[in-house]
Amino acid sequence: MTNTFALIGAAGYIAPRHMKAIKETGNHLIAALDPNDSVGIIDSYFPQARFFTEFERFDRHIDKLRRRGDRIDFVSICSPNYLHDAHCRFALRSDAHAICEKPLVLNPWNIDGLREIESQTGRKIYSILQLRLHPSIIALKEKIAANPNKIFDVDLSYITSRGKWYHVSWKGADDKSGGIATNIGVHFYDMLSFIFGPLQKNQMHIRTGERAAGYLEFKQARVRWFLSVDQSDLPEQVKGKQPTYRSITVDGDEIEFSGGFTDLHTDSYKHILEGGGFDLDDAQTSIELVSTIRNLKITPHLGERHPFAD
Ligand code: NAD
């Protein structure tokens with residue numbers, strides 16, 4: 001069966017992964033929206049798709065299709081984080097399911113509103129949580145599940161250099177992106193709770209525009225974590241050689257992440273189209289965690305500090 005898609009946020013960095021996933025799963029992009037018209041990339045995937053720079057005209061088009069019996073099956077949402085819940089509501093009111101980028105929303109109470117509209121419309125909201133589909137993460141989850149009484153020591157370090165533009169864009173504005181722990185960290189907090197079970201302790205050591213660090217305890221893990229978008233935080237061995245450093249160790253053993261998590265969008269789409277997908281309940285824990293982290297008091301001396309945080 002072929003599904004039809006509309007896409008919101010078509011001119012951005014992540015949108016081409018969604019276009020590729022729609023194409024690779026044998027489906028069609030019918031319409032796209034972005035206030036920015038730098039969308040030549042659409043030609044690489046769906047040159048026939050209608051494109052709109054104004055929401056109202058996009059809405060009129062989607063509504064016309066619905067009224068004539070050609071409703072859109074899915075709306076893919078690649079807009080800035082603080083707009084996700086509004087765009088999910090648009091999708092469901094248009095009688096479509098939503099496939100939304102991470103973080104699904106900025107605060108847990110936004111999920112409550114989405115739950116209501118899901119039950120009113122009978123349509124679903126899926127969150128992209130692609131690390132849950134990464135083979136190394138699935139293997140690690142199985143290993144941890146086989147040792148249910150053991151508590152593991154985890155160090156998570158992620159430094160992904162961003163230029164000065166980052167702080168000028170919506171990504172650098174806490175009220176739009178949620179800040180670095182929300183925008184970049186949400187992948188990891190979701191992965192940690194997925195593998196190690198419910199969160200039990202959350203302590204914050206650093207929270208600035210460039211970096212965040214803290215200590216988390218899950219049912220089966222003690223986690224020291226450090227995130228940064230500042231290249232001066234790169235460890236000496238990689239400085240000047242690569243812009244990104246990512247390391248996750250479990251009891252001192254490095255988790256192999258080759259391929260990273262940049263190529264899992266098609267798998268995420270397949271998973272949804274085959275009747276799986278990650279729903280509002282799946283997104284809940286990590287959204288609660290990032291919302292708490294945003295407001296937590298900084299307690300530099302509580303819990304164990306990540307070595308990069310000193
Ligand atoms: P981006 O800034 O490159 O793209 C966002 C796009 O949304 C821009 O083209 C912008 O013009 C458009 N936009 C802004 N306001 C809009 C509106 N009202 N209606 C429609 N479009 C609007 O950002 P990005 O890096 O592509 O991030 C987009 C989303 O994808 C974010 O939620 C981000 O967290 C997520 N993301 C996910 C991954 C991942 O690995 N899963 C990676 C990067 C980004």
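Please read these numbers as outputs of a predicted model, since none were measured by experiment.

**Student:** So what about the site of the ligand? Which residues, and what values?
**Tutor:** Around the ligand, a shell composed of 26 residues is seen, among which D34, N81, K102, W170 and K171 lie nearest. Between the ligand and Q130 there is a distance of 2.8 Å, counted from an oxygen atom to a side-chain nitrogen or oxygen. In isolation the ligand exposes 840 Å². Once the protein is present, 83% of that is buried. Broken down by class, the residue content of the shell around the ligand amounts to 11 nonpolar, 11 polar and 4 charged. When residues of the shell around the ligand are assigned to domains, at least three fall in each of domain 1 (4-127) and domain 2 (132-261 + 279-309).

**Student:** Outline the sheet that holds strand β4 (residues 74-77), listing residues and values.
**Tutor:** If you trace the 6 strands from one edge of the open sheet to the other, you get β3-β2-β1-β4-β5-β6, paired in parallel fashion. Only two strands of the sheet have a single neighbouring strand rather than two, namely β3 (50-52) and β6 (125-127). Put simply, the sheet's adjacent strands are angled 20° from each other on average, direction ignored. Helix-sheet contacts for helix α10 (residues 265-273) involve β1 (4-8), β4, β5 (97-100) and β6, and the interaxial angle to β4 is about 150°.

**Student:** Explain the pairing of strand β11 (residues 244-250) residue by residue, including any values.
**Tutor:** The buried fraction of β11 amounts to 5 of the 7 residues, a majority that puts the element mostly inside the structure. The pairing of strand β7 (residues 152-160) with β11 spans 7 bridges and is classified as antiparallel. Paired with L156 across the bridge in β11 is I248. Pairing analysis gives 2 bridges linking β11 to strand β12 (residues 253-254), with the strands arranged antiparallel. Looking at β12, one finds that V250 is bridged to D253. Taking the residues that link successive antiparallel strands as the turn, the β11-β12 hairpin has 2 residues, and the phi of D251 there is positive, at about 50°.

**Student:** With reference to specific residues and values, describe the packing of aromatic side chains.
**Tutor:** For the coordinates displayed, the defined rule picks out 11 aromatic pairs. Between the aromatic rings of F58 and F90, the centroid separation amounts to 5.5 Å while the plane-to-plane angle is 35°, which identifies the pairing as tilted. In this pair, F58 is assigned in helix α2 (residues 55-67) and F90 in helix α3 (residues 84-93), connecting sequence segments 32 residues apart. Comparing F58 with F90, the two get one shared label, buried. An aromatic cluster is built from F52, F55, F58 and F90, whose rings are joined through pairwise contacts. The side chain of K23 reaches across the aromatic face of F46, ending 5.3 Å from its centre. Seen from the ring of F152, K150 lies directly overhead, with NZ or CZ sitting 4.7 Å from the centre.

Parameters and conventions
Residues numbered from 1 in each chain as written. Predicted model: local features only at pLDDT ≥ 70, side-chain atom pairs only at ≥ 80, totals over all residues. Heavy atoms only, no water. Near = heavy atom within 4 Å. Polar contact = N/O pair within 3.5 Å; in protein donor to acceptor, adjacent residues only side chain to side chain. Areas by Shrake-Rupley, 256 points an atom, 1.4 Å probe, with all protein chains shown as cover. Nonpolar A, V, L, I, M, F, W, Y, C, P; charged D, E, K, R; others polar. Domains from an automatic or database assignment. Pairing = 2+ DSSP bridges. Helix = DSSP H or I, 4+ residues; strand = E, 2+ residues; numbered from the N terminus. Axes fitted to C-alpha atoms, helices over the stretch in contact; angles between N-to-C directions. Contact = heavy atoms within 4.5 Å. Buried < 20%, exposed > 50% of the residue type's maximum accessible area, 1.4 Å probe, protein only. Phe/Tyr/Trp six-rings, centres within 6.5 Å; stacked < 30°, edge-to-face > 60°. Lys NZ or Arg CZ within 6 Å of the ring centre and 35° of its normal.

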